[in-house]
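# Structure at a glance
Read off the chains here:
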Amino acid sequence: MKDHDIDLATHLVHHDYQPPAGFVAPQPGVFKASTVIFPNVAAMRSREWKDKSGYTYGLHGTPTTFILEERLCALEGGLQCVLVPSGLAAIANVGMALLKSGDEVLIPDNAYGPGKDFANGELARFGITHAFYDPLDPADLAARITSATRLVWLEAPGSVSMEFPDLCEQVRICRARGVTTALDNTWGAGLAFAPFDLTGDGSLGVDISAHALTKYPSGGGDVLMGSVITRDQGLHMKIKLTHMRLGLGVGANDAEAILRALPSIGLRYRAHDEAARQLARWLQQQPAIAQVLHPALEGAPGHAHWKALCGAAEGGQGAAAGLFSVMIDARYTQQQVDVFCDSLRLFKLGYSWGGPMSLVVPYTIASMRSRPSPHLKPGTLVRFSIGLEAVEDLRRDLQQAMERAFPA
């Protein structure tokens, strides 16, 4: 039909103008789609959605999400990537893809709490068992692997209490037993160490890296997204097929936000790290603080393992996220700890981390662990996520809050 043969409403939907090719700008284009148009039936029948060779449906990828997946692979050293709506969705995607009734998954006792809840809830209902192992004792991990163990989760450092495990030894143990390893790599972010090349010679690495892009890749505290990255094609396809069957997808504008933030992730990570170390060292000198839990500080649980794995980064200074916890001395009550947190002005009460604003959260650590933690001193744990504010302003804020809550 010619244009003058159709109604204006139809013409607006089917207008055939195409902008000229060759437009290039610093940021990739944002392609939004559920429906993807095919030129003919043959193309519709022949296109393959699994390998990025073509486009079939928005849920299976657009140019925007394909670009983000490839850049995340470059960040972490992987070859294949799927995007999911959150970091917890990444953990769930891995579990659903690799485990079946009768299988067992091992989880570090200090792992991300919602991931442990997923094992206690959904996986348990599917007949998949789980056990928690001591992240600071590789022998305990080795002893807990059974003929039913199909997956071992790793976390470096542990959630909230920040113990840094002997990640290399953990991977060696699992590899010797033929068990798949999945690392929650949100803290390392692909910058503190290379998850698929832990020894620097290509001989040792995890099988799967799960990453909460909500944190440092986003950097704004305004996007929820996760990724699952692999190097093995067979493993990737198991994850990708489950990803498809679960209908997992991410919005184009969220993908755009991550793409826009990625070029600055190294600068931001370094700034968070430097500020956190300064404040952590200052807090070590404060009488109300019984212990500072930061992997890069001598004496912190697992510091030697952090130094061995991450210490060569940044010209020998090592690399670490801008995240640490403290144990408030046991002589102070929970009410006083709450007053301390409420008295902070620049540190805001809120979950997550990796954004420009500093955050604080008090935790009851005993309720989060299934075994004793003798490496933690008695007291109340408070976690800090250091943002991009001036360090001296943050230090003064901490000082005034401590003076109010913990008077001499």
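As annotated in an unreviewed UniProt entry, the chain carries the name Cystathionine beta-lyase and comes from Acidovorax delafieldii. Per UniProt, the chain carries the Cofactor (unreviewed entry) text "pyridoxal 5'-phosphate".

This brings us to unusual backbone geometry. Of note, the amide linkage connecting alanine 156 to proline 157 takes the cis form, showing an omega dihedral of -5°. For proline 157, the position within the fold is in the loop between strand S4 (149-155) and helix H7 (167-176). We note that valine 160 has phi near 75°; this positive angle belongs to a residue other than glycine. With respect to the secondary-structure elements, valine 160 resides in the loop between S4 and H7. With a phi angle near 65°, methionine 162 is a residue other than glycine that sits in the positive phi range. Checked against the element boundaries, methionine 162 lands in the loop between S4 and H7.

Moving on: the sheet that holds strand S5 (residues 180-184). As summarised here, the arrangement of the 7 strands in space is S1-S7-S6-S5-S4-S2-S3, forming an open sheet in which the pairing is mixed. Of all the strands in the sheet, the pair left with one neighbour each is strand S1 (80-84) and strand S3 (129-133). Strand-to-strand twist in this sheet, taken as the mean axis angle between neighbours without regard to direction, amounts to 20°. Relative to S3, strand S2 (residues 104-108) is paired through 5 bridges, and the arrangement is parallel. Directly across from valine 105, in S3, lies its bridge partner histidine 130. Most of the contacts of helix H3 (residues 63-76) go to S1, to which it runs at about 120°, and overall it touches S1, strand S6 (208-212) and strand S7 (226-230). Strand contacts of helix H4 (residues 87-98): S1, S4, S5, S6 and S7, with the helix running at about 150° to S6, the strand carrying the most contacts.

This brings us to the packing of aromatic side chains. This structure, assessed with the given rule, holds 10 aromatic pairs. Between phenylalanine 340 and phenylalanine 384, the aromatic rings sit 6.3 Å apart at their centres with planes inclined by 85°, giving edge-to-face as the arrangement. Separated by 44 residues along the polypeptide, phenylalanine 340 in helix H12 (residues 334-343) and phenylalanine 384 in strand S12 (residues 379-385) bring together distant segments of the chain. This pair shows no difference in class: phenylalanine 340 is buried, exactly as phenylalanine 384 is. With 5.4 Å between their ring centres and 70° between their planes, phenylalanine 347 and phenylalanine 384 make a pair best called edge-to-face. Of this pair, phenylalanine 347 sits in the loop between H12 and strand S10 (348-349) while phenylalanine 384 is found in strand S12, placing the two residues 37 residues apart along the sequence. Each member of the pair, phenylalanine 347 as well as phenylalanine 384, carries the same accessibility label: buried. Three or more aromatic residues link up through ring pairs in this structure, and these residues are Phe324, Tyr332, Phe340, Phe347, Phe384 and Phe406. Between the NZ or CZ atom of lysine 215 and the centre of the ring of tryptophan 353, over which it lies, the distance is 5.6 Å.

Reading the values: rules and limits
Residues numbered from 1 in each chain as written. Predicted model: local features only at pLDDT ≥ 70, side-chain atom pairs only at ≥ 80, totals over all residues. Heavy atoms only, no water. UniProt positions renumbered as here; feature names shortened; annotations may be inferred. Helix = DSSP H or I, 4+ residues; strand = E, 2+ residues; numbered from the N terminus. Pairing = 2+ DSSP bridges. Axes fitted to C-alpha atoms, helices over the stretch in contact; angles between N-to-C directions. Contact = heavy atoms within 4.5 Å. Phe/Tyr/Trp six-rings, centres within 6.5 Å; stacked < 30°, edge-to-face > 60°. Buried < 20%, exposed > 50% of the residue type's maximum accessible area, 1.4 Å probe, protein only. Lys NZ or Arg CZ within 6 Å of the ring centre and 35° of its normal.

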